[in-house]
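Architecture and fold: a report
Chain by chain, the residues run as shown.
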Amino acid sequence: MSQLFYTLPKRLTVSPSPPLLHFNYRSSRTRLVCSKMPTESSPSPLTHSITIPSQLSQPVHVVAAPGLSESDFRCAVESTLFKQWLKNLQSETGILANGDMLLKQVLIQGVDMFGKRIGFLKFKADIFCKETGQKVPGIVFARGPAVAVLILLDSEGETYAILTEQVEEETGIQLKLEDMIDLTAFLYPSTGCKFFPSAGGCDEEISLFLYRGRVDKEIIMQLQGKETGLRDHGELIKVRVVPYRELWRTTPDAKVLTAIALYEMASKEELLPSRT
């Protein structure tokens, strides 16, 4: 399925990360204690004990699901994805903020590595209401933050959009931070100025940027149908160029439709800087 623009890997994030995107165990006074629960008939299950500021007297037990390796378990607990989730729970709008809820245990169920870093992390959290004892549903699929860019190119009176997921080396377009506009920054601060493609199902949050440029028609023709990707990794990706006026009918990708909506509304309210 063709998708709008491209999603930058985390190491290429173009906007300065807000404080919430960083978590430090020491600064939040969270302590990590490693332990194993001994048994006679089976291998000792992996466990961790974490103390978080919102419930200092009641540590959180983090447990590995059967079959999860020790290395994957350790990577999960020490990952930015897991740390950020813990911090979000204790933030001003987090479920643990007012002290009515208690996080008792976290079951790490699955870890998918992308090279040396975690790509996907799945776990289940046991959170209870202190007053009623009722459990709050807590299945988490963590992917973390990402950045995507809507690329619009003007050529001979027509505006074109690029449908690809590759970075500038693949498209041949050099993107500079100073030439981009953060579309999600126009949202109210209460939203976090991020786009959540699957709120409630995944923690992924995306910052949407806009890049507009002018190119010769020759460049448009060169981009159309260009094959990209790492052949030795089995990748074969084609670049598609479509007129912007047809973009909203071209793909069901949520990033595309959201970017169009933000761009159009920002244009309507004259929030975009004038072009020279």
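Residues numbered from 1 in each chain as written. Predicted model: local features only at pLDDT ≥ 70, side-chain atom pairs only at ≥ 80, totals over all residues. Heavy atoms only, no water.

As for the overall build of the protein chain
A tally of regular secondary structure across the protein chain gives six helices and 15 strands. A sequence separation of at least 24 residues applies to 62% of the contacts in the protein chain between residues at least 6 apart. Split by element, the accessible area of the protein chain, about 16,000 Å² in all, is 53% carbon and sulfur. (Helix = DSSP H or I, 4+ residues; strand = E, 2+ residues; numbered from the N terminus. Contact = heavy atoms within 4.5 Å. Areas by Shrake-Rupley, 256 points an atom, 1.4 Å probe, with all protein chains shown as cover.)

Here's the deal with the pattern of salt bridges
In a structure, side chains of opposite charge can pair up when their charged atoms sit close to one another. A full pass over the atoms with the stated rule returns seven salt bridges. A salt bridge links Arg 74 to Glu 78; its shortest N-O distance comes to 3.8 Å. Of this pair, Arg 74 and Glu 78 both sit in helix H1 (residues 70-78), four residues apart, roughly one helical turn. Salt bridges linked by common partners bring Glu 158, Arg 245 and Glu 246 together as one network. (Salt bridge = Lys/Arg side-chain N within 4 Å of Asp/Glu carboxyl O.)

Let's talk about the environment of Ala 254
Mapped onto the secondary structure, Ala 254 falls in helix H6 (residues 254-268). Separated by 57 residues in sequence, Ala 254 and Pro 197 have C-alpha atoms that sit 6.6 Å apart.

Section: the pairing of strand E10 (residues 158-163)
Burial analysis of E10 places six of its six residues in the buried class, the great majority of the element. Alternating positions in E10 separate into two faces, Glu 158, Tyr 160 and Ile 162 on one and Thr 159, Ala 161 and Leu 163 on the other, with burial throughout. Two elements, strand E9 (residues 145-155) and E10, share four bridges in a ladder whose sense is antiparallel. Across the sheet, Leu 153 pairs through a bridge with Tyr 160, a residue of E10. The turn joining E9 and E10, which pair antiparallel and follow one another in sequence, is formed by two residues; a positive phi near 50° is taken by Glu 156. Pairing between E10 and strand E15 (residues 240-243): four bridges, direction antiparallel. Bridge assignment links Ile 162 to a residue of E15, and that residue is Val 241. (Buried < 20%, exposed > 50% of the residue type's maximum accessible area, 1.4 Å probe, protein only. Pairing = 2+ DSSP bridges.)

Structural notes on the side chain of Thr 184
Relative to the elements of secondary structure, Thr 184 occurs in the loop between strand E11 (180-182) and strand E12 (205-214). On the basis of relative accessible area, Thr 184 is assigned to the buried category, the value being 0%. Polar contacts involving the side chain of Thr 184 include one to the side chain of Asp 182, which spans 2.6 Å. There is a polar contact of 3.3 Å between the side chain of Thr 184 and the backbone nitrogen of Leu 208. (Polar contact = N/O pair within 3.5 Å; in protein donor to acceptor, adjacent residues only side chain to side chain.)

Observations regarding the packing of aromatic side chains
Throughout the structure, instances matching the rule amount to six aromatic pairs. With a centroid separation of 5.5 Å and an interplanar angle of 80°, the aromatic rings of Phe 82 and Phe 123 are classed as edge-to-face. One end of the pair, Phe 82, is in helix H2 (residues 80-90); the other, Phe 123, is in strand E6 (residues 117-129), with 41 residues separating them in the sequence. Take Phe 82 and Phe 123: they sit in the same class, and that class is buried. (Phe/Tyr/Trp six-rings, centres within 6.5 Å; stacked < 30°, edge-to-face > 60°.)

Comments concerning H2
In an α-helix, one turn spans 3.6 residues; hence positions three or four apart end up facing the same way. Leu 81, Phe 82, Lys 83, Gln 84, Trp 85, Leu 86 and Leu 89 are the residues of H2 that are buried. Where H2 is buried, its residues meet strand E3 (46-51), strand E4 (60-64), H1, strand E5 (101-114), E6 and strand E8 (139-142).

Re the pairing of E4
With four of five residues buried, E4 is to be regarded as a mostly interior element. The sheet contact formed by E3 and E4 spans four bridges and is antiparallel. If you follow His 48 over to E4, its bridge partner there is Val 62. Pairing of E4 with E5 involves four bridges; the strand directions are parallel. Bridge pairing in E5 links Val 62 to Val 106.

Some words on the environment of Gln 105
With respect to the helices and strands, Gln 105 occurs in strand E5. Considering only alpha carbons, one finds Gln 105 and His 61, 44 residues apart in sequence, at a separation of 4.6 Å. The contact partners of Gln 105, leaving out residues within four places of it in the chain, are Val 60, His 61, Val 63, Lys 124, Ala 125 and Asp 126.

Overview of the nonpolar core
Ranked by size, the top nonpolar core spans 29 residues in total, and within it Phe 82, Trp 85, Leu 103, Val 106, Ile 108, Leu 121 and Phe 123 carry the most contacts. Broken down by secondary-structure element, the contributors of at least two residues to this core are E3, E4, H1, H2, E5, E6 and E8. Top element by residues in this core is E6. It accounts for six residues. With near-sequence residues (within four places) excluded, Phe 123 lies in contact with Phe 82, Trp 85, Val 106, Leu 107, Ile 108, Gln 109, Gly 138, Ile 139, Val 140 and Ala 142. If you look at the next biggest cluster of nonpolar residues, it comprises 20 residues, including Ala 148, Ala 161, Ile 181 and Ala 259. (Core = buried A, V, L, I, M, F, W, Y, C linked by side-chain atoms within 4.5 Å.)

These values are about where atoms sit, not about what they do.
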